[in-house]
Amino acid sequence: MKRSEGNEDISICMIDGPIQFSHPSLSGLKVLKTSSVDLQRCNKSGSAACKHGTFIASILFGNRGSKAISMAPKCTFALYPIFEENSAGIPITTPDILAEKIKTAIDDGVKIINLSLSLTSSNIIQQSVLWDIYDLAIRKGVIIVAAAGNQGEINSSFLLTHNWIIPVIACNKKGMVSTFSNLSPTIGKKGIMAPGIDIVGASSQTEGFVHLSGTSYAAPIITGTIALLWSLFPYAKSFEIITSVLSKRKKSIIPPLLNAEKAFNLLSNIMKK
């Protein structure tokens, strides 16, 4: 974060809830030209969807110097709202709707997609459609980061089992894994851990900030790190960025903690060759 605030050539897509654009920490957003801002605005500032989207946006794009983490404010912002503002509780979506949103984002030319969401149960046809879209992301070199979920189970949703997806679990500020993060051999093999407990982000109902915990808030830290690395190494291929972040690991259901310095050094060596 000391090396870069991001680059507008690196576009980060949120597939999430609408956001409260009036929050002071989001005043400098560089919006993807193909996105319709009117469709991205909150109509109900107190809805779960608006709270979630605004909080995630401030982690990724908040102005540096605000209380939010503000990972990559100079990257280009793209939002494809997927959560209904009328819904109560934790925002969820279906595989077919998610597949449609990812396809649109890829067609619009985004570089990185953040999925801080959960899926409803699905049938094998819906799973196949979603996996086809993941395959498209591979061909287009679009990186997808996804929250592992907060049920505290030894279980991996099919959302996370595709080889191209980077699952993210949450830890505290000392690097200790949270009790609520879902874990599995798949997550341990190709996932990553990032801070996700007592994270500070923008409130959709005031000009202030709130503290929240969950893998939803760990995922954008990984997404933002990838965006910063790609901003610093613009000629790196997507698989090189992924390889740098997902470095060697021991066999475990718990993935390693993010090591951004190691990823930076690995990319430095790769780009010299």
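Everything below is about the structure shown above.
Residues numbered from 1 in each chain as written. Predicted model: local features only at pLDDT ≥ 70, side-chain atom pairs only at ≥ 80, totals over all residues. Heavy atoms only, no water.

**Q** Is there a simple way to explain the nonpolar core in this structure?
**A** Inside soluble globular proteins, nonpolar side chains tend to come together where they are buried. Counting residues in hydrophobic clusters, the biggest one holds 85 residues, and the most contacted among them are Ile15, Leu98, Ile102, Ile113 and Leu115. Beyond its immediate chain neighbours, meaning those up to four positions away, Ile102 contacts Ile15, Ile113, Leu115, Leu130, Ile133, Tyr134 and Ile144. (Core = buried A, V, L, I, M, F, W, Y, C linked by side-chain atoms within 4.5 Å. Buried < 20%, exposed > 50% of the residue type's maximum accessible area, 1.4 Å probe, protein only. Contact = heavy atoms within 4.5 Å.)

**Q** Explain the sheet that holds strand S5 (residues 112–115) to me, please; I cannot follow it from the model alone.
**A** Backbone-to-backbone hydrogen bonds join strands into a sheet, with any given pair of strands oriented parallel or antiparallel. Overall, parallel pairing links the seven strands, which are arranged S2-S3-S1-S5-S7-S8-S9 in an open sheet. Edge positions in the sheet fall to strand S2 (30–31) and strand S9 (192–195), since each of these pairs with one other strand and no more. In the sheet, strand S1 (residues 11–14) pairs with strand S3 (residues 76–79) via four bridges, with the strands oriented parallel. Bridging from a neighbouring strand, Ser11 pairs with Thr76 of S3. Contacting S1, S3 and S5, helix H1 (residues 48–61) crosses the sheet at an angle of about 165° to S1. On top of the sheet, helix H2 (residues 95–107) reaches S1, S5 and strand S7 (143–147); it is set at about 155° to S5, its chief contact. (Pairing = 2+ DSSP bridges. Helix = DSSP H or I, 4+ residues; strand = E, 2+ residues; numbered from the N terminus. Axes fitted to C-alpha atoms, helices over the stretch in contact; angles between N-to-C directions.)

**Q** Just checking my understanding: could you explain the environment of Glu240 for this structure?
**A** Relative to the assigned elements, Glu240 resides in helix H7 (residues 238–245). Residues within four places of Glu240 in sequence aside, it is in contact with Leu267, Ile270 and Met271.

**Q** Help me understand the packing of helix H6 (residues 215–232) against helix H8 (residues 260–272), please; the structure alone is not making it clear to me.
**A** Relative orientation and spacing of two packed helices are given, respectively, by the angle between their axes and the distance between those axes. Contact pair H6 / H8: the axes reach a minimum separation of 11 Å and the direction vectors enclose 25°. The angle between the axes of H6 and H8 places the two elements in the roughly parallel class. Taken as a pair, H6 and H8 cross one another with a handedness that is right-handed. Between H6 and H8, the contacting residues are Thr225, Leu229 and Leu232 on the first element and Ala260, Ala263, Phe264 and Leu267 on the second. (Parallel < 35°, antiparallel > 145°, perpendicular 65-115°, else oblique. Left-handed = near helix turned anticlockwise from the far one by under 90°.)

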